[in-house]
Amino acid sequence: MKTLKYIGLSLLVLAFLSCDDDVNNFRLPQQEVFPPLEAGTADFSTYVALGNSLTSGFTDNALFRASQFNSYPNIMAEKMALVGGGAFNQPLTNDNFGGLAAGGVRIPGFDPRLVFGGAGPVPLESVIGPVTVTTDIVLNNPIGPFNNLGIPGAASFHLLAPGYGNIANLPDAANPYAVRVTGNAPNATMVELALAQNPTFFSLWIGNNDVLGFATSGGVRPITPQPVFDQALGATVALMAGATSGGVIANIPDVTTIPFLTTIPFAPLDPSNPAFGPQIPALNAQFAALNAAYAFLGVPERSVVFSETEASPVVIFDAALPNISVELAQVLIGGGLDPQTAGLLAQQYGQSRQANANDLLTLPSSAVIATLNEARFAELVGLGVDPQTAGQLSVNGVTFPLENQWVLTGGENGEIDMANMAVTNFNATIESLASQNGLALVDANALLVELNTTGIMFDDYMLTSDLVFGGVFSLDGVHLTARGYALAANKFLEAIDEKYGSNFIESGNGAKAGDYPTNYSPTLQ
């Protein structure tokens, strides 16, 4: 069965304004008068930024040179330089392809960036052909010290982990991006690298990955335990606040409302699709016996029915459901199925249901839905099922329940509730630490709520949280565009202004939306 695609992307309409032909009526616009820029009580002479991929400038599922120049700490440092801020050194990559290599060999999972392919995100190499990743953690690490210590993939406790940047600890206890910043001190922690620069001001945006991995993996990866988060963040803030004259910290946005989890609908199976629609009557007939068994067992809500007039939900595995495989097999046998067939069906559908509006499908699930699950197909064939039947029972999200990693389940006490509870508790810790240590606080969570609801006017641009055309989120659905990072930089500067009496925003020295793109060309080298 052909892969179904579900991301609908609208065309942009450009409006052009005409000019008055009567030059005699031309008047110069009155210029707004801004107050002079002041630093307030803050000392920006040595600014360091600690964090994760959002701090590094990660964009379109990769870190590359242009994205690093548009990182929010670099944007902030440019503004700080106007009032005594010093140089801001970043561990720049070697190209605009993205990806990492080790000894000339590309590191799996660290691939070149995504680009817009006309209908959605696609790999860069699918557009321009194969590229050579030149950023190599063995051959050409940059020379520090680095003011930007944003490490993609870092969680709260990684900032205090000795050896996190030691190449000898790969792959389990180190991070390739951290390897690039440790230099001659491979066992130094990220906090130690920051403190070694005698910073006067710091920013900290960490904690997203303590819950984000859980959300983006459909609940497969664990959430950082609250005591671990509290201890790690508390120690980091205490060390940084004790060594600087000031700083700013950001809380965690609701990870369940990013485009990575909101773009693919729970009901993507379109009856007008020629690869799916004609099969609906046969599919419903095949599920009839199973649905009757569900009804007999008192769980009719697990029934699978595909509509011939409306888009239908995918079939998903839900670990929160009681496993009724044994009971289901007995009922199916009682209904006339042979024990082997009944056992296979019961094992496959003992914890399954159709998705509903409370469930969130991950962005990569669009490439999986309605395709053959090769592992399940091979398993069934190995059990003696003929290949044709095995294929019919192995279609992801249609006849084979979509696996955990593709769905974040909703409902009371579901995976979405677990993620939201973690964000609430982590943010309570962040806000408490900001207050206790006299730090400026950025409410990133409220920012995302605003993007999701009303949108935000950033100069002449309306920004939303939509994938591709919203202007804030990059093609990976998790990280920001350059314009999104500019918006974040302004929110950090606003918080600094409020806490320390500076006036970056009031003086007109915030980032300007038009100076930062929402996408990068595939030909950018």
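Anything mentioned here points back to the structure above.
Residues numbered from 1 in each chain as written. Predicted model: local features only at pLDDT ≥ 70, side-chain atom pairs only at ≥ 80, totals over all residues. Heavy atoms only, no water.

Peer 1: Hey, could you go over the overall build of the chain for me, with residue numbers and the actual values?
Peer 2: Assigned secondary structure in the chain consists of 17 helices and 15 strands. Relative to the compact-globule value of 24 Å for 525 residues, the chain shows a C-alpha radius of gyration of 26 Å, a close match. Within the span of the chain, comprising 525 residues, buried residues form 53% of the whole. When contacts within the chain are restricted to residue pairs at least 6 apart in sequence, long-range pairs at least 24 apart make up 77% of them. Counting every atom, the chain has about 23,100 Å² of accessible surface; 56% of that belongs to carbon and sulfur. The chain carries 16 positive and 44 negative side-chain charges, and their two centres are separated by 6 Å. (Helix = DSSP H or I, 4+ residues; strand = E, 2+ residues; numbered from the N terminus. Rg over C-alpha atoms; globule rule 2.2 N^0.38 Å. Buried < 20%, exposed > 50% of the residue type's maximum accessible area, 1.4 Å probe, protein only. Contact = heavy atoms within 4.5 Å. Areas by Shrake-Rupley, 256 points an atom, 1.4 Å probe, with all protein chains shown as cover. Lys, Arg positive; Asp, Glu negative; His and termini not counted. Charge placed at Lys NZ, Arg CZ, Asp CG, Glu CD.)

Peer 1: Residue-level account of the side chain of Arg-302, with values.
Peer 2: Take Arg-302: it is sitting in the loop between helix 10 (280–296) and strand 9 (315–317). Summary of buried charges: Arg-302 has no salt-bridge partner, and the nearest side chain of opposite charge, Glu-301, is 5.2 Å away. Ignoring any residue separated from it by four or fewer positions in sequence, one finds Arg-302 in contact with Tyr-294, Leu-321, Pro-322, Ile-324, Gly-350, Gln-351, Ser-352 and Arg-353. (Salt bridge = Lys/Arg side-chain N within 4 Å of Asp/Glu carboxyl O.)

Peer 1: Now, about the sheet that holds strand 1 (residues 47–51): what can you tell me, with residues and values included?
Peer 2: Taking strand neighbours across the sheet as the criterion, the five strands line up as 6-1-7-8-13 in an open arrangement whose pairing is parallel. In this open sheet, the two strands that pair with only one neighbour each are strand 6 (148–150) and strand 13 (440–442). Within this sheet the neighbouring strands show an average axis-to-axis angle of 15°, counted without direction. Alignment of strand 1 against strand 6, held across three bridges, turns out to be parallel. (Pairing = 2+ DSSP bridges. Axes fitted to C-alpha atoms, helices over the stretch in contact; angles between N-to-C directions.)

Peer 1: Before we move on, could you go through the pattern of salt bridges and cite the residues and values that matter?
Peer 2: For the structure on display, the rule yields five salt bridges. A salt bridge links Arg-106 to Glu-125; its shortest N-O distance comes to 2.9 Å. Linking Arg-106 in strand 3 (residues 105–106) with Glu-125 in helix 4 (residues 125–128), this pair joins segments that are 19 residues apart in sequence. The partner of Asp-318 in a salt bridge is Arg-353, with the nearest N and O atoms 2.9 Å apart. Here the residue Asp-318 occupies a position in the loop between strand 9 and helix 11 (325–334), and Arg-353 occupies one in strand 10 (residues 352–354), the gap between them amounting to 35 residues. With respect to class, Asp-318 is no different from Arg-353; both count as buried.

Peer 1: Describe in detail the nonpolar core, supporting the description with residues and values.
Peer 2: Counting 141 residues, the largest nonpolar core has Leu-50, Met-76, Phe-201, Leu-204, Phe-306, Leu-402 and Ile-496 as the members making the most contacts within it. The element that contributes the greatest number of residues to this core is helix 17 (residues 482–500), accounting for eleven residues. Sequence-distant contacts of Ile-496, defined by excluding residues within four places in its chain, comprise Phe-44, Met-76, Met-80, Phe-201, Val-248, Ala-440, Gly-501 and Ser-502. (Core = buried A, V, L, I, M, F, W, Y, C linked by side-chain atoms within 4.5 Å.)

Peer 1: Any details on the side chain of Gln-90? Residues and values, ideally.
Peer 2: Counting through the fold element by element, Gln-90 comes out in the loop between helix 3 (72–80) and strand 2 (101–102). The class of Gln-90 is buried, set by a relative accessible area of 6%. A polar atom in the side chain of Gln-90 sits 2.8 Å from the side chain of Asn-148. Each residue touching Gln-90, except ones within four places of it in the same chain, is listed here: Gln-68, Phe-69, Ser-71, Asn-74, Phe-146 and Asn-148. (Polar contact = N/O pair within 3.5 Å; in protein donor to acceptor, adjacent residues only side chain to side chain.)

Peer 1: How would you summarise the packing of helix 3 against helix 17 if you had to cite specific residues and measurements?
Peer 2: Axis separation between helix 3 and helix 17 bottoms out at 8 Å; the angle between their running directions is 50°. In terms of axis orientation, helix 3 runs oblique to helix 17. Helix-helix and strand crossings are classified by hand; for helix 3 and helix 17 the assignment is right-handed. Residues Tyr-72, Ile-75, Met-76, Lys-79 and Met-80 of helix 3 form the contact with helix 17, whose own contacting residues are Tyr-485, Ala-486, Ala-488, Ala-489, Phe-492, Leu-493 and Ile-496. Here the contact of helix 3 with helix 17 is built from residues that sort into eleven nonpolar, no polar and one charged. (Parallel < 35°, antiparallel > 145°, perpendicular 65-115°, else oblique. Left-handed = near helix turned anticlockwise from the far one by under 90°. Nonpolar A, V, L, I, M, F, W, Y, C, P; charged D, E, K, R; others polar.)

Peer 1: With reference to specific residues and values, describe helix 8 (residues 226–243).
Peer 2: Between its first and last C-alpha, helix 8 extends 26 Å over 18 residues, near the 26 Å set by a 1.5 Å rise per residue. Inspection of helix 8 places Phe-229, Ala-232, Leu-233, Thr-236, Val-237, Met-240 and Ala-241 among the buried residues, and these make up the whole buried set. On an axial view of helix 8, the arc spanned by its buried residues comes to 145°, and they lie on one face. What points out from helix 8, more than 90 degrees from its buried face, is the exposed set Pro-227, Gln-231 and Gly-242. (Expected span 1.5 Å × (residues − 1). Arc of directions from axis to C-beta.)

These results come straight from atomic positions and should not be treated as a statement about function.
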